[in-house]
Amino acid sequence: MPLVVPGINSSMGDKPEWLNKLMGKTISDTSNETSFAKKDLPESHRILKPGDMKTQDHNPNRLNVHVNDDGTVHDVNYG
């Protein structure tokens, strides 16, 4: 049974929805079959490339978009 903490889990976005929208695409200025427009990401987001330094602050409303070396999205999470 998953842990449900009021005020924590409910504020988090929908990872499966974002993963479905972004998986295998690149982030660019426009959307098409192979890319997703950066302007359509949530206001609170960051794009993380391999080896990027990132802050350790936890923001449950921030979408983290993980991309490969070639810029292709391979995972998303909140935090």
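Residues numbered from 1 in each chain as written. Predicted model: local features only at pLDDT ≥ 70, side-chain atom pairs only at ≥ 80, totals over all residues. Heavy atoms only, no water.

- An unreviewed UniProt entry lists the chain under the name Proteinase inhibitor I78, from Penicillium concentricum.

Some details on the pairing of strand β4 (residues 63–67)
- When you tally the buried positions in β4, you get five out of five residues, the bulk of the element.
- The alternating pattern of β4 places Leu63, Val65 and Val67 and Asn64 and His66 on opposite faces, both of which are buried.
- As judged from the four bridges shared by strand β3 (residues 45–48) and β4, these two strands associate in the parallel manner. Residue pairing across strands places His45 opposite Leu63, the latter belonging to β4.
- What sits between the antiparallel neighbours β4 and strand β5 (residues 73–78) is a turn of five residues, in which Gly71 has the positive phi angle 90 degrees. (Buried < 20%, exposed > 50% of the residue type's maximum accessible area, 1.4 Å probe, protein only. Helix = DSSP H or I, 4+ residues; strand = E, 2+ residues; numbered from the N terminus. Pairing = 2+ DSSP bridges.)

What to know about the sheet that holds β4
- Overall, mixed pairing links the three strands, which are arranged β3-β4-β5 in an open sheet. Each end of this open sheet is capped by a strand with a single partner; those strands are β3 and β5. Adjacent strand axes in the sheet meet at a mean angle of 20 degrees, parallel and antiparallel pairs treated alike.
- Seen against the sheet, helix α1 (residues 15–22) touches β4 and β5 and runs at an angle of roughly 160 degrees to β5. (Axes fitted to C-alpha atoms, helices over the stretch in contact; angles between N-to-C directions. Contact = heavy atoms within 4.5 Å.)

Overview of the nonpolar core
- Residues Trp18, Leu22, Phe36, Leu41, Leu63, Val65, Val67, Val73, Val76 and Tyr78 constitute the largest nonpolar core, which totals 10 residues.
- Contributing elements (two or more residues each) for this core: α1, β4 and β5.
- Setting aside residues no more than four positions away along its own chain, Trp18 makes contact with Phe36, Asp40, Leu41, Pro42, Leu63, Val76 and Tyr78. (Core = buried A, V, L, I, M, F, W, Y, C linked by side-chain atoms within 4.5 Å.)

A word on the environment of Asn32
- Residue placement: Asn32 occurs in the loop between β1 (26–28) and β2 (35–37).
- Using a relative accessible area of 35% as the deciding quantity, one classes Asn32 as partly exposed.
- A polar atom in the side chain of Asn32 sits 2.8 Å from the backbone nitrogen of Thr34.
- A polar atom in the side chain of Asn32 sits 3.0 Å from the backbone nitrogen of Ser35. (Polar contact = N/O pair within 3.5 Å; in protein donor to acceptor, adjacent residues only side chain to side chain.)

As for the pattern of salt bridges
- Scanning the model with the defined rule gives four salt bridges in all.
- For the salt bridge of Asp75 with Lys15, the shortest nitrogen-to-oxygen distance reads 3.3 Å. With a gap of 60 residues between them, Asp75 in strand β5 and Lys15 in helix α1 connect regions that are remote in the sequence.
- Exposure remark for Lys15: the relative accessible area of 32% places this residue in the partly exposed category.
- Between Lys39 and Asp40 there is a salt bridge, with its nearest N and O atoms 3.4 Å apart. (Salt bridge = Lys/Arg side-chain N within 4 Å of Asp/Glu carboxyl O.)

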